[in-house]
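Per-entry structural report
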Amino acid sequence: LDFTSGHEWVVHSWFTGHTPTICQNNALALHTGCIVSRVREEKDLPLIHNTRPIMVKNDTRMFDLMQVSPVVNGWVLLGEVGKYVRISEQRFKFVRFLRNGGGIEVGLMGSE
């Protein structure tokens, strides 16, 4: 992660307890709990917590799964939530962040 030139990132944690953390389409991610933190410097990164009760009994190491995504013009592309690989060339033809906070334009594979 590049913290030297004012870049901002957000973190989405895959699990809250033992249930998936839900992200809602067309909803503000910071207000729905989808994004657990905004990261501007290394100290802002969330701690790794092994909070899944079933797995805790079997785990020998601390484990958590988080997605870190850049903020571009005030927008974040989380990709296809619910997939381990959310953004890939097999899923998206292109991704364009529009200027002045205008949004994100994406081309999906298989769509014409």
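The following paragraphs examine the structure supplied in this document. (Residues numbered from 1 in each chain as written. Predicted model: local features only at pLDDT ≥ 70, side-chain atom pairs only at ≥ 80, totals over all residues. Heavy atoms only, no water.)

When helices and strands are counted, the protein shows 2 helices and 7 strands. Order of helices (α) and strands (β) in the protein, N terminus to C terminus: β-β-β-α-β-α-β-β-β. Buried residues in the protein amount to 22% of all 112 residues. Looking at the protein alone, contacts between residues at least 24 apart form 45% of all its contacts between residues at least 6 apart. Total accessible area on the protein stands at roughly 8100 Å², and carbon and sulfur atoms take up 55% of it. (Helix = DSSP H or I, 4+ residues; strand = E, 2+ residues; numbered from the N terminus. Buried < 20%, exposed > 50% of the residue type's maximum accessible area, 1.4 Å probe, protein only. Contact = heavy atoms within 4.5 Å. Areas by Shrake-Rupley, 256 points an atom, 1.4 Å probe, with all protein chains shown as cover.)

What follows covers the side chain of histidine 12. Here histidine 12 lies in strand S1 (residues 8-13). Separated by 3.2 Å, the side chains of histidine 12 and arginine 86 make a polar contact. If near-sequence neighbours (up to four positions away) are discounted, histidine 12 is found in contact with Thr21, Cys23, Cys34, Ile35, Leu65, Met66, Gln67 and Arg86. (Polar contact = N/O pair within 3.5 Å; in protein donor to acceptor, adjacent residues only side chain to side chain.)

It is worth spelling out the pattern of salt bridges at this point. Scanning the model with the defined rule gives 4 salt bridges in all. As a salt-bridge pair, glutamate 8 and arginine 40 come within 3.4 Å of each other at their nearest N and O atoms. With glutamate 8 in strand S1 and arginine 40 in the loop between strand S4 (37-39) and helix H2 (53-56), the pair connects residues that are 32 residues apart, well separated along the chain. Within this structure, Glu8, Arg38 and Arg40 form a network of salt bridges that share partners. (Salt bridge = Lys/Arg side-chain N within 4 Å of Asp/Glu carboxyl O.)

Here we take up the pairing of strand S6 (residues 92-98). The pairing of S6 with strand S7 (residues 103-108) spans 6 bridges and is antiparallel. Residue phenylalanine 94 lies in a different strand from S7, and its bridge partner there is glycine 107. What sits between the antiparallel neighbours S6 and S7 is a turn of 4 residues, in which asparagine 100 has the positive phi angle 55°. (Pairing = 2+ DSSP bridges.)

Looking at the element boundaries, serine 37 is found in strand S4. Discounting residues that sit within four places of it in the chain, serine 37 has contacts with Trp9, Val10, Val11, Asp44 and Pro46.

For the rest of this paragraph, the subject is the sheet that holds S1. Strand order in the open sheet formed by 3 strands is S4-S1-S5, with antiparallel pairing between adjacent strands. The outermost strands of the open sheet, each flanked by one partner alone, are S4 and strand S5 (66-71). The sheet shows a mean angle of 30° between the axes of neighbouring strands, direction not considered. Summarising the sheet, S1 and S5 pair through 6 bridges and their orientation is antiparallel. Looking at S5, one finds that histidine 12 is bridged to glutamine 67. (Axes fitted to C-alpha atoms, helices over the stretch in contact; angles between N-to-C directions.)

In short, the description is geometric, and any link to function would need to be established separately.
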